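A closer look at the structure
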Amino acid sequence: MPRPHDALFLAGLIGMLGLYVLLIVSLLGALACFTSGKDLATALASEEIRYAFRLSMISCTLSALLSLWVAIPAGYLLSRFQFPGRGLIDALLDVPIVLPPLVIGLALLILFQTRLGRAVDQIVPVTFAVPSVVLAQFSVACAFAVRTMRVTFDQINPRSEQVAMTLGCSRAQAFWMVVFPEARRGILTAATLSWARSLGEFGPILVFSGATRMRTEVLPTTVYLELSVGKIEAAAAVSLIMVVAALAILILARLFGLRGTGLI
Amino acid sequence: MLSLTDVTIRQGKFTLSRLSLQIPTGHYAVLMGKTGSGKTTILEAICGLRPTASGQICLLGRDVTHLKPALRGVGYVPQDASLFSRLTVRQHLAFALTIRSWDRQRIERRVAEMAELLHIGHLLDRRPQGLSGGEAQRVALGRALAMRPGVLLLDEPLSALDAETRQEMYDLLLAVRRQQSMTVLHVTHSRSEAQTLADLLLELHADGVRLLPRDG
């Protein structure tokens, strides 16, 4: 039986959590109520919106995979090794998180106007093309993935991999056989976080990729384009499609991540 | 022979200077000392997990001072067992053998031997979650012993166990000592544990390692 001041404390915790959950549910509810079945059907029938949906799904998945590819080694390196400049690199990794997304897009655009950028652009067209969408999403999402992986590896006791090394493993074998399997949930969290972050990315894509229909248009661009011509119903329908897609991925990832842990 | 000759180990501001220690082959040595005196650091240096600033470490006549941990052939059981959370007990026992590319039948035979020796046959398909402290330490011991190491290092393996389990582990360690021919260095705070298990009793002081009489 909680003591009276404990009950007050618990009520405070529940109240704060409840308020925030209520806000999220209200936002989703407002979006769902505003959108009629007809608006949704019209949106889904639009070739431009179907293209934007496909590009969003593909680019977010590529961005998440690229983010993991960088974040797993980067997170492990920062977690386990001391080296000159580690503090500076650690601080630099926060730059994409704290900078306004629009500034990231502008910086990417300027980078691809340099001699090196133009040379890359001539080999693989990036600016205002599909690769720019993935690059813009990756530039921001990867920072979140690196942070997640760093915390994940920090929480895994290095003693396990040390024991593995005494049993005959090289450092690489200890990583793949002991640390990597233990980091599974962290990897999944980093993947979903970078995927979701990529899905919501708008500013850098608008600046670096443009908003060309059937070319570099992703779902947030669609919302912007529909709103800019006053089609608020279509914008709301596309927003609802984004919400459903994001929720589906997050729920699937969570179910997959918790399987075998006894929690589900 | 396990020997440390004039070994200096630096760990941040902590330094163990010019430490020397000899344990004849086949002996069971127990090293005691105050908390923070550097007992675990010595074990880590012998394993190769902590670099030495100077001196020489020899295991069974071989200078291993600059060898990687994987090449030293040392079995190491840390205080918290440090089991691999995603592997079953069977995979723990087979771990070092798989790394050494033993064939499957040989691995299965060795796993069965270890399971019988350590009384963990019923745990083989379980993962570390849910194992008791005593069971976890037996698995950690089996994981270290499976590769038939010439030297076994035990870092306070019984400190977190209740009295009954600790007595079982004494019997087990004595049985292991009888059946597996190897040199053991066991770190503990417990004088009774040391008296029960050791045939060589050592104490770590600021000025080095002293040999203590076995009866007291």
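Quick note: structure is the one above.
Here the focus is the overall build of chain B. In terms of regular secondary structure, chain B is built from 6 helices and 10 strands. Radius of gyration (C-alpha) of chain B: 17 Å, near the 17 Å computed for a compact globule of 216 residues. By its C-alpha atoms, chain B is 45 × 35 × 30 Å across when sized along the principal axes. Here chain B holds 216 residues, and the buried ones make up 56% of them. Considering only intrachain contacts with a sequence separation of at least 6, the fraction spanning at least 24 residues in chain B is 67%. Surface summary for chain B: the accessible area is close to 9800 Å², and the carbon and sulfur share equals 48%.

With that out of the way, let us pick up helix α11 (residues 184–200) of chain A. Taking 1.5 Å of rise per residue, 17 residues should cover 24 Å, and α11(A) covers 25 Å from first to last C-alpha, within 8% of that figure. Every buried residue of α11(A) is accounted for by A:G186, A:I187, A:A190, A:A191, A:T192, A:S194, A:W195, A:S198 and A:L199.

Residues and elements named next belong to chain B. At a minimum axis separation of 9 Å, helix α2 (residues 89–99) and helix α3 (residues 104–118) run at an interaxial angle of 130°. By the criterion of interaxial angle, the relationship of α2 to α3 is oblique. In terms of crossing hand, the pair formed by α2 and α3 is right-handed. Side by side, α2 and α3 meet where R90, L93, A94, L97 and T98 of the first sit next to I107, R110, V111, M114 and A115 of the second. Of the residues contributing to the contact of α2 with α3, the split by class is 7 nonpolar, 1 polar and 2 charged.

Turning our attention to a nonpolar patch on the surface. Residue and element names in this part refer to chain A. Taken together, the side chains of Y20, L23, I24, L27, L28, L247, I251 and L255 present a nonpolar region at the surface, about 740 Å² in accessible area. Only α1 (4–34) and α14 (232–258) provide two or more residues apiece to the nonpolar patch. In terms of residue count, α1 provides more of the nonpolar patch than any other element does, 5 residues in total. Mapping L23 onto the fold places it in helix α1. The exposure class assigned to L23 is partly exposed, which follows from its relative accessible area of 45%.

All names here are of chain B. Along strand β8 (residues 183–187), 5 of the 5 residues are buried, which leaves the element largely enclosed by surrounding structure. Taking every second residue as pointing to the same face, both faces of β8 are buried, with T183, L185 and V187 on one and V184 and H186 on the other. As paired elements, strand β3 (residues 28–33) and β8 share 4 bridges and run parallel to each other. Bridge pairing in β8 links V30 to H186. Alignment of strand β7 (residues 151–155) against β8, held across 5 bridges, turns out to be parallel. Looking at β8, one finds that V151 is bridged to T183. For the handedness criterion, the β-α-β arrangement of β7, helix α5 (residues 163–179) and β8 is classed as right-handed.

Let us now look at the nonpolar core. Residues and elements named next belong to chain B. Membership of the largest hydrophobic core comes to 86 residues, with the highest contact counts inside it found for L4, F95, L141, L152, L153 and L185. Counting residues per element, this core draws most heavily on α2, which supplies 7 residues. Not counting chain neighbours up to four residues away, the residues in contact with L185 comprise L21, I23, A29, L31, L43, I46, L152, L153 and L154.

Each partner contributes to the interface: chain A provides 17 residues, whereas chain B provides 22 residues. Taken over both partners, the interface formed by chain A and chain B buries close to 1700 Å², and the fraction arising from carbon and sulfur atoms is 63%. The largest share of the area that chain A buries against chain B comes from A:R159, A:T166 and A:L167, three residues that together contribute 40% of it. The interface formed by chain A and chain B includes 1 salt bridge. The partner of A:R159 in a salt bridge is B:E44, with the nearest N and O atoms 2.6 Å apart. For the side of chain A that touches chain B, the secondary-structure elements that each account for two or more residues are α9 (158–166) and α10 (171–182) of chain A. Of all the elements, α9(A) adds the most residues to the side of chain A that touches chain B, at 7 residues. When the residues that make up the side of chain A that touches chain B are grouped by side-chain class, the tally is 8 nonpolar, 6 polar and 3 charged.

Reading the values: rules and limits
Residues numbered from 1 in each chain as written. Chains lettered and ligands numbered in written order. Predicted model: local features only at pLDDT ≥ 70, side-chain atom pairs only at ≥ 80, totals over all residues. Heavy atoms only, no water. Helix = DSSP H or I, 4+ residues; strand = E, 2+ residues; numbered from the N terminus. Rg over C-alpha atoms; globule rule 2.2 N^0.38 Å. Buried < 20%, exposed > 50% of the residue type's maximum accessible area, 1.4 Å probe, protein only. Contact = heavy atoms within 4.5 Å. Areas by Shrake-Rupley, 256 points an atom, 1.4 Å probe, with all protein chains shown as cover. Expected span 1.5 Å × (residues − 1). Axes fitted to C-alpha atoms, helices over the stretch in contact; angles between N-to-C directions. Parallel < 35°, antiparallel > 145°, perpendicular 65-115°, else oblique. Left-handed = near helix turned anticlockwise from the far one by under 90°. Nonpolar A, V, L, I, M, F, W, Y, C, P; charged D, E, K, R; others polar. Patch = residues over 30% accessible without salt bridge, like charges linked within 9 Å, V, L, I, M, F, W, Y side chains within 5 Å. Salt bridge = Lys/Arg side-chain N within 4 Å of Asp/Glu carboxyl O. Pairing = 2+ DSSP bridges. Right-handed = clockwise from strand over helix to strand, strands pointing away. Core = buried A, V, L, I, M, F, W, Y, C linked by side-chain atoms within 4.5 Å. Buried area = accessible area lost by both parts, 1.4 Å probe.

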